[in-house]
Amino acid sequence: MPLAAGDPAPEFTLPDAEGNLISLSQLRGQRVVLYFYPRDNTPGCTREACGFRDAYADYQAHGIAILGVSADDARSHQKFAQKFRLPFPLLVDEGGKVASAYGVFGPKKFMGKEYNGIHRTTFVIDPEGKIEAIITKINVETHAAELLKQLTGS
């Protein structure tokens, strides 16, 4: 059964690009934007990440943590974060275990080829660890700014 707003967010512990372990439970007490993206250094994923980078100070000012998740390895995340000066953690979900728990890992098609991968999806998790919102229709150009407005009312 797919996750829905009001459900408890699946707990996870994943390494970031530097090898630090980050658990969702460590962030209890604050809102979390958990965004799953298909791949580092691709045009759409880069635009989405840079949108969160550009709005990062405003998210922080409202006490909202940002976590990016893909199946890329730590080295790929390091290069991506350094190249685009991303100030928030990129979590390594090799094999897509956490993405699967959130229901966003599965069959995809690109140029006639079918493969398993991460579907671009953002979860907003409330301070108690429940899913507040799930966003699946994402415009990578405006997503971060629109979500910030939605969450803060400003």
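See the structure above.
Residues numbered from 1 in each chain as written. Predicted model: local features only at pLDDT ≥ 70, side-chain atom pairs only at ≥ 80, totals over all residues. Heavy atoms only, no water.

Enquirer: Go over the environment of Ala55, please, and point to the residues and values.
Expert: Inspection of the secondary structure puts Ala55 in helix H1 (residues 43–61). When the C-alpha positions of Ala55 and Ala144 are compared, they lie 6.8 Å apart, and in sequence the two are 89 residues distant. (Helix = DSSP H or I, 4+ residues; strand = E, 2+ residues; numbered from the N terminus.)

Enquirer: Give me the lowdown on the packing of aromatic side chains, citing residues and values where you can.
Expert: When we look at a pair of aromatic rings, we describe it by the centre distance and by the angle of the planes. The full count for this structure, using the stated rule, is 12 aromatic pairs. Where Tyr35 meets Phe88, the ring centres are 6.1 Å apart and the plane angle is 70°; that geometry is what we call edge-to-face. With a gap of 53 residues between them, Tyr35 in strand S3 (residues 31–36) and Phe88 in the loop between helix H2 (74–84) and strand S5 (90–92) connect regions that are remote in the sequence. What makes Phe88 buried here is its relative accessible area of 4%. Here Phe52 and Tyr59 contribute two aromatic rings whose centre-to-centre distance is 5.8 Å and whose plane-to-plane angle is 55°, an arrangement assigned as tilted. (Phe/Tyr/Trp six-rings, centres within 6.5 Å; stacked < 30°, edge-to-face > 60°. Buried < 20%, exposed > 50% of the residue type's maximum accessible area, 1.4 Å probe, protein only.)

Enquirer: Give a detailed account of the side chain of Asp93, specifying residues and quantitative values.
Expert: Assignment of secondary structure puts Asp93 in the loop between S5 and helix H3 (97–101). As a buried residue without a salt bridge, Asp93 has its nearest oppositely charged side chain in Lys97, at a separation of 8.3 Å. One polar contact links the side chain of Asp93 to the main-chain amide nitrogen of Lys97, over a distance of 3.1 Å. Apart from the residues lying within four places of it in its own chain, the contact partners of Asp93 are Leu14, Val69, Ser70, Ala71, Asp72, Val98 and Ala99. (Lys, Arg positive; Asp, Glu negative; His and termini not counted. Salt bridge = Lys/Arg side-chain N within 4 Å of Asp/Glu carboxyl O. Polar contact = N/O pair within 3.5 Å; in protein donor to acceptor, adjacent residues only side chain to side chain. Contact = heavy atoms within 4.5 Å.)

Enquirer: How would you summarise a nonpolar patch on the surface if you had to cite specific residues and measurements?
Expert: A cluster of nonpolar residues, Phe110, Met111 and Tyr115, forms a patch on the protein surface that exposes about 390 Å² of accessible area. You can see Phe110 is positioned in strand S6 (residues 105–110). (Patch = residues over 30% accessible without salt bridge, like charges linked within 9 Å, V, L, I, M, F, W, Y side chains within 5 Å. Areas by Shrake-Rupley, 256 points an atom, 1.4 Å probe, with all protein chains shown as cover.)

Enquirer: Can you break down the sheet that holds strand S4 (residues 64–70) residue by residue, with the values?
Expert: The 5 strands lie next to each other as S5-S4-S3-S8-S9, forming an open sheet whose pairing is mixed. With one partner strand each, in any of the chains shown, S5 and strand S9 (131–135) form the two edges of the open sheet. Averaged over neighbouring strand pairs, the angle between their axes works out to 20° when direction is ignored. In this sheet, strand S8 (residues 121–125) lies alongside S3 in antiparallel orientation, the contact comprising 5 bridges. Opposite Phe36, over in S8, you have Thr121 as the bridge partner. On top of the sheet, helix H4 (residues 143–152) reaches S3, S4, S8 and S9; it is set at about 25° to S8, its chief contact. (Pairing = 2+ DSSP bridges. Axes fitted to C-alpha atoms, helices over the stretch in contact; angles between N-to-C directions.)

Enquirer: So what's going on with the pattern of salt bridges? Residues and values would help.
Expert: Under the defined criterion, the tally for this structure stands at 4 salt bridges. With a closest N to O distance of 2.4 Å, Glu132 and Arg31 form a salt bridge. With Glu132 in strand S9 and Arg31 in strand S3, this residue pair connects regions lying 101 residues apart in the sequence. A salt bridge links Arg120 to Glu48; the shortest N-O distance between them is 2.6 Å. Pair noted here: Arg120 is in the loop between strand S7 (113–118) and S8 and Glu48 is in helix H1, with a separation of 72 residues, a long-range link.

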